[in-house]
Structure formats: structure tokens, C-alpha cells
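Each chain, written out:
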Amino acid sequence: MIPLIISLPMHKTNHMYSELMSTQYKEAMYEISKQDEWKTYRDAFRDLLNKGATLVADRGNLHINQKLDEPIPEDAQLFVICDKETLLKINPDYKPAK
């Protein structure tokens, strides 16, 4: 069986990233800190999903789903997609950049 590979045209991909980085939409991409109870990416992914956020990256690595059972390094730079209300539940100390 030949695997099906679907790729988005570059302009659609760029638009998607622009939307995620924009604050005009209800959901956006935010950086969050690693929490002590998260030992693996799976721990973080499940906990965040239960709170209404989706873990999508560590730094520039968008392959979180391929490394769910790997430990999260202490210096991780985690990014989630969620709305601001959810972000404040995850990170009550969040202060928007001015």
C-alpha cells in the first residue's frame, strides 16, 4: 500500500501560521512553562488537552506526537494552542506582551 501524503500549498500554510500567531482569533499559539508533574510529553499533552489546550511544539520541534514517551527537558520551550481563558487556567501569571 502506498502511503497518502497530503501537503498544503505554501500560501495556505503561511496563512495558517499567521492566524495562529495573530490575536484576532479566539485561539492562538502561546508559550508555556513546563510543570513539575509533567515527566514526559505525553503527561503534558494529556493534562493540557484535559484543560482545553493542545501541545504542539517544543521550541521549533513540531513532532511532539512522535516523542510522547520521551522526558521533557527542564529547559523545554513548550507551545500550545488555546484561547486566553484556557491559558490563564494553565498559567495564571501570564502577562500579555506589550
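About the cut-offs
Residues numbered from 1 in each chain as written. Predicted model: local features only at pLDDT ≥ 70, side-chain atom pairs only at ≥ 80, totals over all residues. Heavy atoms only, no water. Helix = DSSP H or I, 4+ residues; strand = E, 2+ residues; numbered from the N terminus. Buried < 20%, exposed > 50% of the residue type's maximum accessible area, 1.4 Å probe, protein only. Areas by Shrake-Rupley, 256 points an atom, 1.4 Å probe, with all protein chains shown as cover. Pairing = 2+ DSSP bridges. Axes fitted to C-alpha atoms, helices over the stretch in contact; angles between N-to-C directions. Contact = heavy atoms within 4.5 Å. Polar contact = N/O pair within 3.5 Å; in protein donor to acceptor, adjacent residues only side chain to side chain. Salt bridge = Lys/Arg side-chain N within 4 Å of Asp/Glu carboxyl O.

Digging into the overall build of the chain
So, point 1. What the chain contains, in helices and strands, is three helices and three strands.
So, point 2. Along the chain, from the amino end to the carboxyl end, the secondary structure elements read α-β-α-β-β-α.
So, point 3. Put simply, the chain has 98 residues, and 33% of those count as buried.
So, point 4. With the model as given, the accessible surface of the chain reaches about 7300 Å², and the carbon-plus-sulfur share is 55%.

A few points about the sheet that holds strand 3 (residues 78-83)
So, point 1. Spatially, the three strands line up as an open sheet ordered 1-3-2, and their pairing is antiparallel. With partners counted over all chains shown, the strands left at the sheet margins are strand 1 (27-32) and strand 2 (54-58), one partner each. In this sheet, neighbouring strand axes are inclined to one another by 30° on average, regardless of whether the strands run parallel or antiparallel.
So, point 2. In terms of strand pairing, strand 2 meets strand 3 through four bridges, oriented antiparallel. Looking across to strand 3, one finds that Leu55 is bridged to Val80.
So, point 3. Relative to the sheet, helix 2 (residues 41-51) contacts strand 1, strand 2 and strand 3, its axis offset from that of strand 2 by approximately 145°.

Quick look at the side chain of Gln35
So, point 1. Examined against the element boundaries, Gln35 turns out to sit in the loop between strand 1 and helix 2.
So, point 2. Within the structure, Gln35 has its side chain in polar contact with the backbone oxygen of Ile90 (distance 3.4 Å).
So, point 3. Beyond its immediate chain neighbours, meaning those up to four positions away, Gln35 contacts Asp47, Lys51 and Ile90.

Considering the pattern of salt bridges
So, point 1. One pass over the full model with this rule turns up five salt bridges.
So, point 2. Where salt bridges share partners, they join Asp58, Arg59 and Asp75 into one cluster.

Some details on the environment of Asp43
So, point 1. Note that Asp43 resides in helix 2.
So, point 2. Among the residues examined, Asp43 registers a relative accessible area of 31% and is labelled partly exposed.
So, point 3. Between the C-alpha atoms of Asp43 and Glu70, which are 27 residues apart in sequence, the distance is 10.0 Å.

Here's the deal with the environment of Ile64
So, point 1. Note on placement: Ile64 falls in the loop between strand 2 and strand 3.
So, point 2. Residues Ile64 and Tyr41 lie 23 residues apart in sequence; the distance between their C-alpha atoms is 7.0 Å.
So, point 3. Not counting the four nearest positions on each side in its chain, Ile64 is found in contact with Tyr41, Leu55, Val56, Ala57 and Asp58.

What about unusual backbone geometry?
So, point 1. Its identity is not glycine, yet Arg59 carries a phi of approximately 55°, on the positive side.
So, point 2. Locating Arg59 in the fold gives a position in the loop between strand 2 and strand 3.

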